[in-house]
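Read off the chains here:
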Amino acid sequence: MLHQFIERAVQQAVAKVLPDADMSSVLVRPCPDPKFGDYQTNALMSLAKERKLNPCQLAADVLTQLNVSEWCEKVEIAGAGFLNFRLKVSALEQTLAAVARGGHLFFEKAAEPRTIVIDFSSPNVAKPMHVGHIRSTVLGDCLARTLRLLGHRVVTDNHIGDWGTQFGKLLLGWKGQLDRAALAADPIGEMERLYKSTNAACETDADLLERARQELVKLQNGDAENLVIWREMIELSQHQFDTLYGRLGVEFDFTLGESFYNPRLKQVVAELRERGIARESEGAICVFSDGSLPPKEDPFLKQQDGQWTPNPCLIQKSDGAANYATTDLATLAYRFETWQPAEIVYVTDGRQQLHFRQLFAIFRRWHPDAKVKLSHVWFGSILGENNTPFKTRSGETVKLAELLDEAESRALAIVSEKNPNLSETERREIARVIGLGAIKYADLSPNRQSDYVFSWDKMLSFAGNTAPYLQYAYARIRSIFRKAGAGMSPAAEIRLIATEEITLAKKLLHFGLVLEAVTEDYRPNYLCNYLYELAGVFTGFYEACPVLKAADAERASRLALCDLTSRVLQQGLALLGIETVEQM
Ligand code: ARG
């Protein structure tokens with residue numbers, strides 16, 4: 001890609017002037033203000049500062065070693081030592097022509113592919129998936145798709161919650177009041193009912209609570225009857241999850257639930273005690289601060305009444321049972337050993353931040369030489385229109401399946417109004433693509449760490465930063481080709497004359513940079529914003545530059561710009577897990 005060619009040339013020039021410089025900091029990025037150029041590097045200023053050199057002098061020295069005339073106009077030194085680059089139109093034309101010939105789509109595969117494990121979705125058995133799980137699913141899936149496209153080895157692992165104290169009450173409820181017909185009709189609904197009613201009864205009945213506890217102990221000890229029921233609960237839940245994943249187009253390489261790690265938990269606790277990382281405290285086994293971090297950054301300290309007090313991580317309860325943290329430690333070690341990843345990414349909501357900070361800190365103490373990067377990619381809450389957590393009218397958590405149904409039926413109403421002439425099958429298919437796209441895009445386009453208000457009207461709108469707007473932009477370009485017919489086809493040579501053509505070409509060129517930024521910061525919203533801007537720039541081009549009415553050579557070149565734009569839109573949406581239709 002052009003910016004990478006320029007970057008490599010700048011790195012070579014810097015190496016000639018400062019042979020010891022760290023090249024990883026010498027980057028070429030888009031200029032924030034196109035007034036100054038298309039790309040810039042600010043690396044020379046910090047290199048000069050480290051060495052007490054005059055930054056403008058260093059920039060001038062680098063410039064004498066730099067030859068980018070194939071791609072750029074005269075390079076300018078600006079401000080306190082920036083290098084600004086303006087692309088030559090001929091270089092743009094050549095790059096676009098290479099894409100038109102099918103060479104690439106404005107991105108390069110990673111030179112050093114990395115293995116990255118992504119833990120996402122991870123719903124809980126016998127409970128419905130809720131809106132938080134969809135956000136994890138959609139974000140995780142987008143990161144996996146983008147990393148894969150860039151050539152990395154991605155391992156997706158769905159860490160299903162299939163173990164824990166809830167099974168005591170579930171087993172008791174199942175044995176006492178299971179309604180088989182209800183279970184067949186809506187397994188998760190029925191299991192949720194069993195859990196809720198038993199849980200409520202246990203609150204006032206100590207006897208019942210004790211019986212639930214005994215059911216749990218029996219399960220933990222491998223009681224045959226309880227194991228059979230537990231397996232049935234998992235199977236029924238998995239079936240319902242799979243139906244949802246099928247609708248969302250999400251696949252996992254592995255689904256290793258929490259219970260998979262049960263045989264390893266004792267060993268984890270024993271090892272952490274042997275190494276002095278964990279110790280007994282009031283009958284439980286805990287990890288405390290080792291004092292290696294400033295209190296503010298130490299996940300094992302919390303502030304209480306103006307004092308830093310211990311905030312230990314429990315890894316074994318006083319009754320000897322392991323917990324979520326123990327399981328996650330075993331899981332982390334297993335992933336590390338099995339896949340030897342460069343990185344492990346966890347996608348969950350923001351309320352689990354402390355859990356992951358403690359988990360990562362314990363793992364570092366346990367495996368001090370491990371080079372694996374550990375990232376918690378967390379997200380904010382989804383709010384209802386009144387700014388409180390998103391709930392149904394009766395105050396229940398919103399179920400994912402119902403949410404998807406409603407999205408499709410609302411989209412169908414819109415599509416039917418816009419396209420009364422299409423057949424019902426066609427309208428339903430378009431509505432499916434629009435409805436699911438709208439939901440996913442609403443999850444992906446805000447900054448993931450801020451809460452967002454769930455609004456049907458906003459997400460299904462054909463105007464603004466929404467999936468339907470982008471899907472429509474794509475379909476509109478495809479309709480140009482239908483009108484053009486077989487006689488007019490895009491050129492393999494591209495000529496950029498009008499400013500709108502040049503602006504569009506430069507925007508297309510940024511696609512690869514955006515993909516890299518998405519995978520560096522785990523922020524799909526960068527891609528959403530880019531696609532939205534691209535669609536806007538395309539509109540500007542289409543309004544200023546006639547395509548089908550232009551003369552032959554110009555028309556073929558402009559058709560090529562249309563084609564490239566539609567390909568980037570389609571590929572970009574596909575990375576968000578969003579489908580397109582040719583007509584809508
Ligand atoms: N099952 C958990 C939940 O629903 C999410 C698990 C996330 N992954 C992990 N390795 N802890 O909140």
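Structure's up top.
Just so you know, these numbers come straight off a predicted model, no measurement behind them. Counting restarts for each chain, with residues numbered from 1 along the sequence as it is written. This being a predicted model, a pLDDT of at least 70 is required before a residue's local features are given, and a value of 80 or more before pairs of side-chain atoms are given or counted; all residues contribute to the totals for chains, interfaces and linings. Each side-chain value is derived from all of the structure's non-hydrogen atoms; neither hydrogens nor water enter the calculation.

(A) The arrangement of the sheet that holds strand β2 (residues 39-41) in detail. Being paired, for any two strands, means DSSP has found at least two bridges between them. In this description a helix means any DSSP run of H or I spanning at least four residues, a strand means any run of E spanning at least two, and both kinds are numbered starting from the N terminus. Spatial strand order, β1-β2-β4-β3: four strands in an open sheet with antiparallel pairing. The sheet is open, and its two borders are formed by β1 (29-30) and β3 (76-78), each paired with just one other strand.

(B) Highlighting the side chain of N226. Position of N226 relative to the elements: it lies in helix α10 (residues 224-248). Since its relative accessible area comes to 0%, N226 is described here as buried. We call two residues contacting when some pair of their heavy atoms lies within 4.5 Å. Ignoring sequence-local partners within four residues, the contact set of N226 consists of L171, K175, E215, K218 and L219. Each residue is placed in one exposure class: buried if its accessible area under a 1.4 Å probe, protein chains only, is under 20% of its type's maximum, exposed if it is over 50%, and partly exposed if it falls in between.

(C) Layout of empty space enclosed by the protein. A 1.4 Å probe that fits into a set of points on a 1 Å grid over the protein atoms alone but cannot get out defines a cavity; an open set with protein on both sides within 12 Å along at least five of seven lines defines a pocket, and lining residues are those with an atom within 4 Å of a point. Grid points are joined across faces, edges and corners, and a volume is the space filled by probe spheres set on the points. This model, assessed by the stated rule, comprises one cavity of 30 Å³ or more. Counted as a void, the largest cavity has a volume near 40 Å³. Counted by class, the lining of the largest cavity contains four nonpolar, one polar and one charged residues. Charged residues are taken to be Asp, Glu, Lys and Arg, nonpolar residues to be Ala, Val, Leu, Ile, Met, Phe, Trp, Tyr, Cys and Pro, and polar residues to be all remaining types, Gly included.

(D) Spatial organisation of helix α12 (residues 324-339). By definition here, a helix of n residues has an expected span of 1.5 Å times n minus one. Taking 1.5 Å per residue as the helical rise, α12 with its 16 residues ought to reach 22 Å, and the 22 Å between its terminal C-alpha atoms agrees with that figure. The buried fraction of α12 is high, at twelve of 16 residues. Among the residues of α12, A325, T326, T327, D328, L329, A330, T331, L332, A333, Y334, R335 and W339 are the ones counted as buried. Here a polar contact is recorded for every N or O atom pair within 3.5 Å, except that within protein the pair must consist of a potential hydrogen donor and a potential acceptor, and residues adjacent in sequence are included only if both atoms are side-chain atoms. Regarding α12, its N-cap is N323, as a side-chain oxygen of that residue lies 3.1 Å from the backbone nitrogen of A325 further along. Two residues or fewer past α12, Q340 is found with a positive phi of approximately 40 degrees.

(E) View of the packing of helix α6 (residues 166-177) against helix α8 (residues 187-204). For helices, the fitted line uses only the C-alpha atoms of the stretch in contact; every axis is such a line through C-alpha atoms, and the angle between N-to-C directions lies from 0 to 180 degrees. It is at 8 Å that the axes of α6 and α8 come closest, and there the two elements cross at 105 degrees. In terms of orientation, α6 lies roughly perpendicular with respect to α8. Between α6 and α8, the residues in contact are Q166, K169, L170, L172, G173, W174 and Q177 and E190, M191, R193, L194, Y195, S197, T198, N199 and C202, respectively. Taken together, the residues that form the contact of α6 with α8 break down as seven nonpolar, six polar and three charged. Oblique is the label for any angle not covered by the other classes, which are roughly parallel (under 35 degrees), roughly antiparallel (over 145) and roughly perpendicular (65 to 115).

(F) Looking closely at the site of the ligand. For each residue, the test is whether any non-hydrogen atom lies within 4 Å of the molecule or strand; if one does, the residue is near. All residues adjacent to the ligand are D119, S122, N124, H133, H159, Y324, D328, Y346, T348, Q352 and F356. D119 is positioned with one of its side-chain polar atoms (N or O) 2.7 Å from a nitrogen atom of the ligand. The contact in question runs from a nitrogen atom of the ligand to an N or O atom on the side chain of N124, over 2.8 Å. In a pocket analysis with a 2 Å cut-off to the grid points, the ligand is assigned to the largest pocket. Elements with a contribution of two residues or more to the shell around the ligand: α12 and β12 (343-349). Those molecules having more than half of their atoms within 2 Å of a cavity or pocket grid point set are described as sitting in that cavity or pocket.

(G) Representation of the environment of K373 within the structure. Tracing the sequence through the fold places K373 in strand β13 (residues 373-379). The exposure class assigned to K373 is partly exposed, which follows from its relative accessible area of 39%. Residues K373 and F360, 13 residues apart in the sequence, show an inter-C-alpha distance of 9.6 Å. Contacts of K373, omitting those with residues within four sequence positions, involve A342, E343, I344, R364 and Y522. Here Y522 takes part through its side chain, which lies 3.4 Å from a polar atom of the side chain of K373.

(H) The arrangement of the pattern of salt bridges in detail. The working definition used for a salt bridge is a side-chain nitrogen of Lys or Arg within 4 Å of a carboxyl oxygen of Asp or Glu. Tallied over the entire structure, the rule returns 38 salt bridges. Residues E225 and K175 are paired through a salt bridge, measuring 3.7 Å at the closest nitrogen-oxygen approach. Of the two residues, E225 is situated in helix α10 and K175 in helix α6; the sequence distance between them amounts to 50 residues. By relative accessible area, which is 47% here, E225 ends up partly exposed. Residue classification places K175 among the partly exposed positions, given a relative accessible area of 31%. We note a salt bridge from D563 to R567, for which the minimum N-O separation is 3.3 Å.

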